[in-house]
Amino acid sequence: MPFRQIALASSIVLGLAACSSPDEVSEELGVAEHEAGTASASASASGAASAVKEENDLYSFAYSYPAEAGRIPELAAMLDERRESAKAALESQASDDREQAQANDYPYRPHSYSQEWKVVADTPGYLSLSGAFSTYSGGAHGMYGLESLVWDKQAGEAMDGAAMFRSASALDDALGDKLCEALNAQRAERRGAPVPAVPDGDDSGFDSCQHVKDATVLVGSAGGEAFDRIGIWFGPYVAGPYAEGAYELDFPVDAAVVAAVKPEYRAAFAAR
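These numbers were taken from a predicted model, which means no experiment stands behind them.

Analysis parameters
- Residues numbered from 1 in each chain as written.
- Predicted model: local features only at pLDDT ≥ 70, side-chain atom pairs only at ≥ 80, totals over all residues.
- Heavy atoms only, no water.
- Helix = DSSP H or I, 4+ residues; strand = E, 2+ residues; numbered from the N terminus.
- Buried < 20%, exposed > 50% of the residue type's maximum accessible area, 1.4 Å probe, protein only.
- Areas by Shrake-Rupley, 256 points an atom, 1.4 Å probe, with all protein chains shown as cover.
- Pairing = 2+ DSSP bridges.
- Axes fitted to C-alpha atoms, helices over the stretch in contact; angles between N-to-C directions.
- Salt bridge = Lys/Arg side-chain N within 4 Å of Asp/Glu carboxyl O.
- Expected span 1.5 Å × (residues − 1).
- Arc of directions from axis to C-beta.
- Contact = heavy atoms within 4.5 Å.
- Disulfide = S-S within 2.5 Å.
- Phe/Tyr/Trp six-rings, centres within 6.5 Å; stacked < 30°, edge-to-face > 60°.
- Lys NZ or Arg CZ within 6 Å of the ring centre and 35° of its normal.

1. Digging into the overall build of the protein chain
So, point 1. Along the backbone of the protein chain there are seven helices and eleven strands.
So, point 2. Taking all 272 residues of the protein chain together, the buried fraction comes to 45%.
So, point 3. Roughly 13,300 Å² of accessible area belongs to the protein chain as shown, and the carbon and sulfur atoms make up 49% of that amount.

The following block contains the structure:
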């Protein structure tokens, strides 16, 4: 997915999530008075980490990114812009919802949005980040997800991890049966029973093998010099029902995975 598309994801999810936000999505905010609530922000200095948090009667909002991103001015500016866009979308939707609640005499439930960017890998040529986000817009439960952002230090451009590969199907083929086997092993552990066999060609349903096109792709590094591991993250409702949570699979980069990388990025990968 081109990065200009994933840049819209935060605002889009605000409109889609009609459900309380989860406590946390990934493993591994001074204070000023605010009308009807509090707001805090840190990392005003250039080249530092950034963390902004605001809570009032209308909404709660939190957004942060690490110092590794703050030290790249263009990347920090882009993340700051995305933060302000997400906050504006949250405030607009929450205001509309509260007006509707007051007009129709039902209780208003404050909305929320949070996103935390973390370092997946920092290599000489690239900075790979994961951005876990969660939203709540007054329904039965919230929605959450994960974004991938890879910053090309030389080109000064951002992309998601999947964009480094020739195609999602090429990465599917490179991972082969390992993807399904790892996914089903996690499913069986959570469900307490083996995953039933499905007919050949059935790629839908919570017992079927899933595909990279429906996942977030994270590129990581054990040694810090090149990308040598791949993370495949399936969000809620993709590989299982909401109650099962997200599925995160991790694979070493091998020769087949390197072959699936676009030629211009192959030097950034190394087989383990």
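2. What to know about unusual backbone geometry
So, point 1. In this model, Asp105 sits at a positive phi of 55°, which is unusual for a non-glycine residue.
So, point 2. Along the polypeptide, Asp105 turns up in the loop between α4 (73-103) and β5 (111-122).
So, point 3. For Tyr237, which is not glycine, the phi dihedral falls at a positive 75°.
So, point 4. Along the polypeptide, Tyr237 turns up in the loop between β10 (229-234) and β11 (247-252).
So, point 5. The class of Tyr237 is partly exposed, set by a relative accessible area of 42%.

3. Quick notes on the sheet that holds β10
So, point 1. Read across the sheet, three strands follow the order β9-β10-β11 without closing on themselves; strand pairing throughout is antiparallel. Edge positions in the open sheet fall to β9 (216-220) and β11, since each of these has one partner strand only. On average, each strand axis in the sheet is inclined to that of its neighbour by 20°, with strand direction left out of account.
So, point 2. As paired strands, β10 and β11 are joined by six bridges and run antiparallel to one another.

4. Focus on the pattern of salt bridges
So, point 1. Taken as a whole and assessed by the stated rule, the structure comprises ten salt bridges.
So, point 2. Across the pair Glu147 and Arg82 runs a salt bridge, and its minimum N-O distance is 2.6 Å. Within this pair, whereas Glu147 is found in strand β7 (residues 143-152), its partner Arg82 is found in helix α4, the two being separated by 65 residues in sequence. One exposure class covers both Glu147 and Arg82, and it is buried.
So, point 3. Connected through salt bridges with shared partners, the residues Asp80, Arg83 and Glu84 form a single ionic network.

5. Some thoughts on helix α6 (residues 177-191)
So, point 1. With 15 residues, α6 should reach 21 Å at 1.5 Å per residue; the first-to-last C-alpha distance of 21 Å fits that figure.
So, point 2. Among the residues of α6, Leu179, Leu183 and Arg187 are the ones counted as buried. Down the axis of α6, the sector holding all buried residues measures 55°, keeping them to one side. The exposed residues of α6 that point more than 90 degrees off its buried face are Asp177, Glu181 and Glu189.
So, point 3. On its buried face, α6 sits against α5 (168-175), β10 and β11.
So, point 4. Two residues or fewer after α6 comes Gly192, characterised by a positive phi angle close to 75°.

6. Some words on the state of the cysteines
So, point 1. Tallied over the full model, the rule gives one disulfide.
So, point 2. Cys180 shares a disulfide with Cys209; S-S distance 1.8 Å. With the S-S dihedral at roughly -90°, the linkage between Cys180 and Cys209 falls on the left-handed side. Of the two residues, Cys180 is situated in helix α6 and Cys209 in the loop between α6 and β9; the sequence distance between them amounts to 29 residues.

7. With respect to the pairing of strand β3 (residues 50-56)
Within a regular strand, side chains alternate between the sheet's two faces.
So, point 1. Taken across its seven residues, β3 has five buried, putting it largely inside the fold.
So, point 2. As judged from the six bridges shared by β3 and strand β4 (residues 59-65), these two strands associate in the antiparallel manner. Across the sheet, the residue bridging to Ala51 is Ser64, located in β4.
So, point 3. The antiparallel hairpin formed by β3 and β4 contains two residues in its connecting segment.

8. Side note on the packing of aromatic side chains
So, point 1. All chains considered together, the criterion is met by eight aromatic pairs.
So, point 2. Where Tyr126 meets Phe227, the ring centres are 5.9 Å apart and the plane angle is 50°; that geometry is what we call tilted. Taken together, the residues Tyr126 in strand β6 (residues 126-136) and Phe227 in the loop between β9 and β10 connect sequence positions 101 residues apart. As far as burial versus exposure is concerned, Tyr126 and Phe227 are alike and both buried.
So, point 3. Ring pairing ties together the aromatic residues Tyr126, Phe165, Phe227, Tyr265 and Phe269, which thus form one cluster.
So, point 4. Just above the ring of Tyr247 sits the side chain of Arg190; from NZ or CZ to the centre is 3.9 Å.

Geometric values such as these leave the question of function open.
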